[in-house]
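Understanding the architecture of this molecule
As a plain string of letters, each chain reads:
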Amino acid sequence: WSSVVVFPEDELFAALRNLTRRVASMGALGFAGLFFLAFVLMRRMVRPIEWITLRADQIASGDLIGSMSSLDAVEQTAARLTTREYSLLARSFISMTRSLNALIGQVRESGVQVSETSAEIAASARQLEVTAAEQAASTHEASATSQEISKRSQTLAATMKEVAEVAANTAD
């Protein structure tokens with residue numbers, strides 16, 4: 001004797017199909033979770049670099065003051081960074097920005113000093129020009145006086161000569 005058990009195919013493979021659906025759903029959820037976790041970690045790693053890049057572009061465009069105003073936020077962000085390299089990069093960027101700001105301040109002070117010195121030199125040159133003009137006028141006046149003295153001396157010499165001749169004629 002033999003016995004045959006007949007099951008409908010749907011009933012027989014229903015548990016297997018159900019298990020396959022569960023495994024596929026769990027795989028899809030696991031892959032989505034893994035993708036989300038990778039995205040979050042990637043953003044966490046890239047965000048500090050993006051921020052520093054934005055500040056570097058801001059400095060490169062000449063807006064050092066705007067960049068300086070946000071350095072406190074950068075320091076707070078750098079303190080929270082867990083990756084040592086990012087933290088060091090952020091701190092180095094902050095130090096570089098502050099040094100650049102100090103250097104620009106020194107350049108501005110030097111520019112002011114150069115302007116003040118230039119103004120003093122210009123004032124001295126004007127004073128020297130006035131003094132030279134006064135000295136030239138004095139020299140001209142002294143020359144005119146010398147010529148007048150020379151003329152009077154010649155006139156006096158001629159008069160003395162005449163007096164000497166008259167005295168010599170009278171004595172004779």
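Residues numbered from 1 in each chain as written. Predicted model: local features only at pLDDT ≥ 70, side-chain atom pairs only at ≥ 80, totals over all residues. Heavy atoms only, no water.

Side note on the overall build of the protein
Counted only if it meets this: The secondary structure listing takes helices from DSSP runs of H or I that are at least 4 residues long and strands from runs of E that are at least 2 residues long, numbered from the N terminus. In this treatment the radius of gyration is a C-alpha quantity, and the globule benchmark scales as 2.2 Å times the residue count to the 0.38 power. Exposed residues in this analysis have more than 50% of their type's maximum accessible area, buried residues have under 20%, and partly exposed residues fall in between, with area computed by a 1.4 Å probe over protein chains only. Here a residue-residue contact requires only that any non-hydrogen atoms of the pair lie within 4.5 Å.
Helix and strand counts for the protein stand at 4 helices and 0 strands. Relative to its length of 172 residues, the protein is extended, with a C-alpha radius of gyration of 52 Å against a globular reference of 16 Å. Sorting the 172 residues of the protein into buried and exposed places 11% on the buried side. For the protein, the share of sequence-separated contacts (at least 6 apart) that also reach a separation of at least 24 residues comes to 55%.

Description of the confidence of the model for the protein
Rules: Scored from 0 to 100, pLDDT records how confident the predictor is in each individual residue.
Predicted confidence across the protein gives a mean pLDDT of 86, with 94% of residues reaching 70 or more. Across the protein, element-level confidence peaks in helix α4 (residues 84–171) with a mean pLDDT of 89 and bottoms out in helix α3 (residues 71–80) with 70.

A closer look at the packing of helix α1 (residues 9–60) against α4
Put simply, the test is: Working convention: axes come from line fits to C-alpha atoms, limited for helices to the stretch in contact. Angles between N-to-C directions cover 0 to 180 degrees. Angles below 35 degrees are treated as roughly parallel, those above 145 as roughly antiparallel, those between 65 and 115 as roughly perpendicular, and all remaining angles as oblique. By convention the crossing between two helices is left-handed if the near helix lies anticlockwise of the far one by an angle smaller than a right angle, and right-handed if it lies clockwise. Three classes are used, and their members are as follows: Ala, Val, Leu, Ile, Met, Phe, Trp, Tyr, Cys and Pro are nonpolar, Asp, Glu, Lys and Arg are charged, and the others, Gly among them, are polar.
The interhelical angle for the contact between α1 and α4, taken along N-to-C directions, is 15°, at an axis separation of 10 Å. Considering the angle they form, α1 stands roughly parallel to α4. Relative to α4, the crossing made by α1 is left-handed. Together, M45, I49, I52, R55, A56 and I59 of α1 and Y86, L89, A90, F93, T97 and L100 of α4 make up the contact between the two elements. Of the residues belonging to the contact of α1 with α4, the class tally is 10 nonpolar, 1 polar and 1 charged.

A word on the nonpolar core
Cut-off, in case you're wondering: Each nonpolar core is a collection of buried residues, namely Ala, Val, Leu, Ile, Met, Phe, Trp, Tyr and Cys, held together in the definition by side-chain atoms within 4.5 Å.
Ranked by size, the top nonpolar core spans 5 residues in total: I52, I59, L64, A90 and F93. Going through the elements one at a time, α1 and α4 are the ones with two or more residues in this core.

Looking at the pattern of salt bridges
Just so we agree on the cut-off: The working definition used for a salt bridge is a side-chain nitrogen of Lys or Arg within 4 Å of a carboxyl oxygen of Asp or Glu.
If you walk through the whole model with that rule in mind, you get 3 salt bridges. One salt bridge connects D10 with R17, and the closest N-O pair in it is separated by 4.0 Å. Of the residues examined, D10 reaches a relative accessible area of 57% and is grouped as exposed. The partner of R43 in a salt bridge is E50, and the shortest N-O contact between them spans 3.3 Å. According to the relative accessible area criterion, R43 is partly exposed, its value standing at 26%.

Quick look at α4
To keep it simple, the criterion reads: For a helix, the expected span equals 1.5 Å multiplied by the residue count minus one.
An ideal rise of 1.5 Å per residue puts 130 Å on 88 residues; α4 measures up with 125 Å between its terminal C-alpha atoms. Buried residues of α4: Y86, S87, A90, F93, I94 and T97, and no others.

Here we look at the environment of R126
Inspection of the secondary structure puts R126 in helix α4. Under the relative-accessibility criterion, R126 is labelled exposed at 51%. Along the backbone, R126 and I94 are 32 residues apart, and their C-alpha atoms lie at a distance of 48 Å.

Some details on the environment of N18
Its place among the elements puts N18 in helix α1. Once the C-alpha coordinates of N18 and S67 are considered, the two residues, 49 residues apart in sequence, prove to be 59 Å apart.

Here we look at the side chain of T97
Note the following rule: Pairing of N or O atoms within 3.5 Å defines a polar contact, subject to two protein rules: one partner must be a possible hydrogen donor and the other a possible acceptor, and residues neighboring in sequence count only if both atoms are side-chain atoms.
Positionally, T97 belongs in helix α4. At a separation of 2.8 Å, a polar atom in the side chain of T97 contacts the main-chain carbonyl oxygen of F93. With residues up to four places along the chain from it excluded, the contact list for T97 reads I59, L64, S67, M68 and L71.

Re α1
Under the convention used in this document: The angle between axes fitted to the seven-residue stretch ending at a residue and the seven-residue stretch beginning at it gives the bend at that residue.
Along its 52 residues, α1 runs 72 Å from first to last C-alpha, staying within 8% of the 76 Å computed at 1.5 Å per residue. A bend of about 35° at A15 is the largest found in α1. Summarising the contacts, the buried residues of α1 are in contact with α2 (64–69) and α4. Looking one or two residues past α1, G62 carries a phi angle of roughly 100°, positive in sign.

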